[in-house]
Every structure is written in structure tokens, then in C-alpha cells.
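Fold and geometry: a report
So you can see what is in the structure, the chains are spelled out below.
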Amino acid sequence: MLSLASDRNRIHIHVGGGVYRYKDLPKDKLLSFMSLLVAYQMPFEQLPKCDFSEHRVARLVRSRRLQLFLRQCELAELAQVPQPHISQIERGKRIVGLRIAKRLAAALNTDYRAFL
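Everything in this summary refers to the structure shown in the same document.

Cut-offs used in this document
- Residues numbered from 1 in each chain as written.
- Predicted model: local features only at pLDDT ≥ 70, side-chain atom pairs only at ≥ 80, totals over all residues.
- Heavy atoms only, no water.
- Phe/Tyr/Trp six-rings, centres within 6.5 Å; stacked < 30°, edge-to-face > 60°.
- Lys NZ or Arg CZ within 6 Å of the ring centre and 35° of its normal.
- Helix = DSSP H or I, 4+ residues; strand = E, 2+ residues; numbered from the N terminus.
- Contact = heavy atoms within 4.5 Å.

Time to look at the packing of aromatic side chains. Summed over all chains, the structure comprises 0 aromatic pairs. Here Lys102 stacks its cationic end above the ring of Tyr112, 5.2 Å away from the centre of that ring.

Laid out in C-alpha cells, this is it:
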């Protein structure tokens, strides 16, 4: 038995006695999951494996920036990174490399390994 529940950017998939939760899914990925499961009757076990670790970094950068009461442009200036890059990182659209991770860490007073 399969049942679905979805709200905001989360999906809960109930299969047998287990519940699988995916949080902070990008809207296009959420719609893709829903269409695969519902429209095509795809078994849960055959869903493509997805890695949403970039969203962990996005949430971390945004939450730390807000804790320090910084705007994106201020963080960009401190980290010597273009402001559009900060926006893309916070939206999970840009992967953080070692060089930018070290700059962000220095600007946000944290360890650079948290962004990798």
C-alpha cells in the first residue's frame, strides 16, 4: 500500500509500515517525484536516488548570515564573492568549492568544512 502526503517542499511517502520523508525538495524535484509515483505507478523502490546535500549548505549559509544580521550584499563584500553567487548558493543553485567555502567561513565566523 502506497500513500502520499505533500506540503510546501516536503513529501511523505508511506510504504508498508515505513514512512520516507524528503524535506526541502526543490519544486521541480517534488513534482518529478509525484509524477513518477502517481502518474506512472512507479514503485517507490525504483525511484531515482537523489542527493539534496546542496540544500543543507544553502540552509547553513542563509541561517548563519541571518544570525549575523547580514544582507547578501554585505556577506558578498566580506567574503569577496559576487552577490549573485551568494544568492545562488542560498537557493541551492551553485555548489560551494573549497576557495569559496574558506571565504564564506571567514566571513561567517565558522569552519569552512561545514560548507563542503
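As a further point, take the side chain of Arg65. When you line up the elements, Arg65 lands in helix H2 (residues 53-67). The contacts of Arg65, once residues within four sequence positions are left out, are Leu70, Arg71, Gln72, Leu75, Glu90 and Leu108.

So, on to unusual backbone geometry. Backbone geometry at Phe69 places phi at a positive 55 degrees, although glycine is not the residue there. Examined against the element boundaries, Phe69 turns out to sit in the loop between H2 and helix H3 (72-79). Positioned with a positive phi, Gln80 is a non-glycine residue whose angle comes to about 55 degrees. By the element assignment, Gln80 lies in the loop between H3 and helix H4 (83-90).

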